[in-house]
Amino acid sequence: MERNLTMIALFAALIAALGLIPKFTLGFGVPITAQSLGVMLCGTVLGAWRGGLAALLFVALVALGLPLLAGGRGGLGVFASPTVGFLVGFPIGAFVTGFIMDQWRSAPVGLAAGVSAVLGGILVVYAFGIFGMMMTLNKTLVEATLLVQAFIPGDLIKAVLAGFITSGLAKARPASLLSRS
Amino acid sequence: MISLTSPVETRAHGWPAGAKLGALCLATLLLFGVEEPVWQILFCAGMLLLYALPGRPFLRAGLGRLWMLWPFVGLILLWHVLTDDAEAGLVIALRMITAVGLANLVTMTTKLTDMMGVVHWLAAPLRRFGLRTRSLELAVALVVRFTPVLAAKGQMLSLAWRARSRRRAGWRVVMPFTVLAIDDAEHVAEALRARGGL
């Protein structure tokens, strides 16, 4: 019980701390932050429930007014801005990532983590993100998808990194890889 | 830990947080229900007036936070001018600015403890079903405490990397960084158990 609580809290803090790492820019000028990598890691390391709760805790603290998003953003204003869908999608994305990780035990850790990060951390999160853009900017599905597609290559790179990092963690701290315990 | 509450003490700081949140919900619903540009301009002007009332430093801080919207405003206006529908673009952009502005206003005038009070109140039905919400409050405190701790440890990792390599650390420090977070979580869990647990 205590371990579940501290793991959830520390991974929420990890997502926040990853937002403080300076962003690096992709070849064609799109900035990417490590924050969504943190969301993917919640799922691949903590599993469905704990990972989803960690991301939910992070989002809740942003709503309460802590500047935890990359660039020191936060507060209720973020939930009225066009990027609201991505934020709402974080907990569900982490949950789906962890769920696939839980289910697909026959695959090697790195591969399973990479694939579940693509499905949960990109597919699910973008589904919510695009829906949020459709609502706030009054755009159609195709138009909203067009607006966010520039960020997909960066997130694919992050999903691959999530795979490598999770397989590294499986060697360094096998007992703490709760998604496979 | 820095919070987004404004250091400029306004009259709204004393209002109950629940009432401010309720009013914000109603105002946002209203904003999305009105399509006439005249009304949207009036709403936006009203929002700016609210920022101007507590004085210049408050206004400047508020506008600074709205500045993050400019890529979206620019994109929407350009899009709608190109598709010959500038009026709709104006409505969408104004509505977005007003909605974000009002929400930021609530955040700027409400302390974290007051927000936690609302969460505590909202969680009351859960307590009736026997769920202990104390662990939720402990989790919030842990995140607030450990975010700067982890950030400092991440900084140390990048410095250590730089001491050994001429290249920038980049993503390679994320793996040891996550190990540190996991170890901290295990230690804190042990410490909690040693003090009688949850």
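Residues numbered from 1 in each chain as written. Chains lettered and ligands numbered in written order. Predicted model: local features only at pLDDT ≥ 70, side-chain atom pairs only at ≥ 80, totals over all residues.

1. Description of the overall build of chain A
A tally of helices and strands in chain A yields 7 helices and 2 strands. Across chain A, helices and strands are ordered from the amino to the carboxyl terminus as α-β-β-α-α-α-α-α-α. Relative to the compact-globule value of 16 Å for 181 residues, chain A shows a C-alpha radius of gyration of 16 Å, a close match. Counting only C-alpha atoms and orienting by the principal axes, one finds that chain A spans roughly 45 × 30 × 30 Å. Per-residue burial over chain A gives 59% buried out of 181 residues. (Helix = DSSP H or I, 4+ residues; strand = E, 2+ residues; numbered from the N terminus. Rg over C-alpha atoms; globule rule 2.2 N^0.38 Å. Buried ≥ 20, exposed ≤ 12 C-beta atoms within 10 Å, placed from the backbone.)

2. Structural notes on the nonpolar core
General note: in soluble globular proteins, nonpolar side chains tend to be found buried as a group. If you look at the biggest cluster of nonpolar residues, it comprises 106 residues, and the most contacted ones within it are A:A9, A:F11, A:A12, A:A54, A:F58 and B:V143. When residues of this core are assigned to domains, at least three map to each of domain 1 (11-122) and domain 2 (130-194) of chain B. (Core = buried A, V, L, I, M, F, W, Y, C linked by C-beta atoms within 7 Å. Domains from an automatic or database assignment.)

3. Quick word on helix α5 (residues 86-108) of chain B
An α-helix turns once every 3.6 residues. As a result, residues three or four positions apart point the same way. Between its terminal C-alpha atoms α5(B) stretches 32 Å, which fits the 33 Å expected from 23 residues at 1.5 Å a residue. Extensive coverage of α5(B) is indicated by the burial of 19 of its 23 residues. (Expected span 1.5 Å × (residues − 1).)

4. Section: the environment of A:L5
Of note, A:L5 is situated in helix α1 (residues 2-18). Separated by 49 residues in the primary sequence, A:L5 and A:A54 have C-alpha atoms spaced 9.1 Å apart. Apart from residues lying up to four places away in sequence, A:L5 is in contact with B:S135, B:L138, B:A139 and B:L198. (Contact = placed C-beta atoms within 7 Å.)

5. Thoughts on the UniProt feature "transmembrane region" (unreviewed entry) in chain A
All names here are of chain A. What UniProt calls "transmembrane region" (unreviewed entry) maps, in this numbering, to residues 51-69, 76-101 and 107-131. Secondary structure within residues 51-69 divides into 74% helix and 0% strand; the distance between the first and last C-alpha atoms comes to 18 Å. Overall, residues 107-131 shows 92% helix and 0% strand. The separation of its end C-alpha atoms is 32 Å. (UniProt positions renumbered as here; feature names shortened; annotations may be inferred.)

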